[in-house]
Amino acid sequence: MELDLGPEIAEFRAELREWIAAEAPAPLAGLADWNMPVTAGGRTLARLAEAEAHPAYAEWEAKLADQRLICAQWPEEFGGKGMDAVRGAVLNEEFYRAGVPRVTRGMGEWLVGPSVMVHGTPGQRAYFLPRIISGEDVYCQGFSEPGYGSDLAGVQTRGVVEGDELVITGQKVWTSGAARANRMFLLCRTDPDAPKHAGLSYVLIDFTGPGVQYQPIRQISGAAEFYEDFLDGVRTPLFFVIGGLNHGWRVAMTTLGHERGGRATVAHLGFEREFWQLAETARKRAKTADPLIRQQLAWAYTQVELMRFSGLRTLAQVAAARPPGPRLRWPSCSGASTTSGWARSR
């Protein structure tokens, strides 16, 4: 199933497909399975890192940067291409179709950058945004804490002002990609006497400096994609506080409000690849006649298809200028219940 997004988008897709075919370095698609989700038991990260070290990847990254196709949905004034959500979704789809990497800047692109655009000062925007686009700064998230999970208002990590610096002490948990990050965006409590949702500050810290330690949380697969972090007197300039002291809650809500709806249309592709590999493994081991195995495979395939149709629905909502998110109408209710949320990667 494909959506008819109109002739203008069809022309954009055709031009983009032609550009990728002409500009993608020849060995790029064969370096790695760029569509495989990094959540595949943590087994893909080493292979992706090796592929990203190849000269063809650097050449491709430079071409994308030249065309402003890194952080492409950022406004042009901040270094992006100003793409709308539909074109962003098509961009993702065509990169996946061609089997070439859609070079992104992770949480810096999706979460930190938009928050700095909204709440940062002109000086902060000029400093932080180019470093995200260039890849110089790689972010991980410091929101959840032991005992509080996603209850952000319960944050206990402390920030104390000393001169023109903020000194941060506390612990964070469930941090994705901490070992690959050199910066963390975090919430800390800078006014312990303020009400629960007040007194918080949104801070960008050097995650490689003194006072920062982290250790892996081992998954059942043996991989360790999540980490717990220990911050002991980490010093950061007050310039790195976004939105001002004690105004971190509103900045965090901006961060959490930025959905990656454009990627929803391709999120299923890596899992679909994994499913067919699993089915092939079952076939080779003569397990496909086992009723229980067949039931489990059918269940897994159904989940992938649900993800695909959910992505198509998201794209249809964006194309119709409606906010993405489930729209549920319960027969027993007189009205519709509409929700919208972001599945947060810590």
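What comes next is a walk through the structure. It should be emphasised that the depicted structure is a prediction, and the values quoted were computed from it without experimental measurement.

## Looking at the nonpolar core
Okay, so step 1: Grouped together as the largest cluster of nonpolar side chains are 50 residues, with contacts concentrated most on Trp60, Phe185, Tyr202 and Leu204.
Okay, so step 2: With 6 residues, the single largest contributor to this core is helix α6 (residues 106–119).
Okay, so step 3: Leaving out residues up to four positions away in the same chain, Leu204 has contacts with Val112, Val116, Phe128, Tyr139, Met184, Phe185, Thr236, Phe240 and Ile242.

## Some words on the pairing of strand β7 (residues 226–237)
Okay, so step 1: When strand β3 (residues 165–176) meets β7, the two strands line up antiparallel, connected through 9 bridges. If you follow Ile168 over to β7, its bridge partner there is Val234.
Okay, so step 2: Of the pairings in the sheet, the one linking strand β6 (residues 212–217) to β7 comprises 6 bridges and is antiparallel in character. What sits directly across from Ile217, in β7, is Phe226.

## Structural notes on the packing of α6 against helix α7 (residues 122–134)
Okay, so step 1: Close contact between α6 and α7 brings their axes to 10 Å; oriented N to C, the two are set at 165°. Classified by the angle their axes make, α6 and α7 are roughly antiparallel. For the pair α6 and α7, the sense of crossing is left-handed. Judged by residue contacts, Gly108, Glu109, Val112, Gly113, Val116, Met117 and Val118 of α6 engage Gln124, Arg125, Leu129 and Ile132 from α7.

## Side note on the pairing of β3
Okay, so step 1: Both strand β2 (residues 158–162) and β3 contribute to a ladder of 5 bridges, which runs antiparallel. By the bridge assignment for β3, Val161 is matched with Leu166.
Okay, so step 2: Between β2 and the antiparallel strand that follows it, β3, lie 2 residues; Gly163 among them carries a positive phi value of about 65°.

## Side note on the pattern of salt bridges
Opposite charge on two side chains allows them to pair when their charged atoms are near.
Okay, so step 1: By the definition in use, this model includes 20 salt bridges.
Okay, so step 2: Residues Glu136 and Arg131 are paired through a salt bridge, measuring 3.2 Å at the closest nitrogen-oxygen approach.
Okay, so step 3: A salt bridge links Glu305 to Arg308, with the shortest nitrogen-to-oxygen separation between them at 2.9 Å. Linking Glu305 with Arg308, this pair stays in helix α10 (residues 291–319), spanning 3 residues, or about one helical turn.
Okay, so step 4: Given the relative accessible area of 19%, Arg308 is considered buried.
Okay, so step 5: What you see here is one network of salt bridges that share partners, running through Arg13, Arg17, Glu93, Glu94 and Arg97.

What counts and how
Residues numbered from 1 in each chain as written. Predicted model: local features only at pLDDT ≥ 70, side-chain atom pairs only at ≥ 80, totals over all residues. Heavy atoms only, no water. Core = buried A, V, L, I, M, F, W, Y, C linked by side-chain atoms within 4.5 Å. Buried < 20%, exposed > 50% of the residue type's maximum accessible area, 1.4 Å probe, protein only. Helix = DSSP H or I, 4+ residues; strand = E, 2+ residues; numbered from the N terminus. Contact = heavy atoms within 4.5 Å. Pairing = 2+ DSSP bridges. Axes fitted to C-alpha atoms, helices over the stretch in contact; angles between N-to-C directions. Parallel < 35°, antiparallel > 145°, perpendicular 65-115°, else oblique. Left-handed = near helix turned anticlockwise from the far one by under 90°. Salt bridge = Lys/Arg side-chain N within 4 Å of Asp/Glu carboxyl O.

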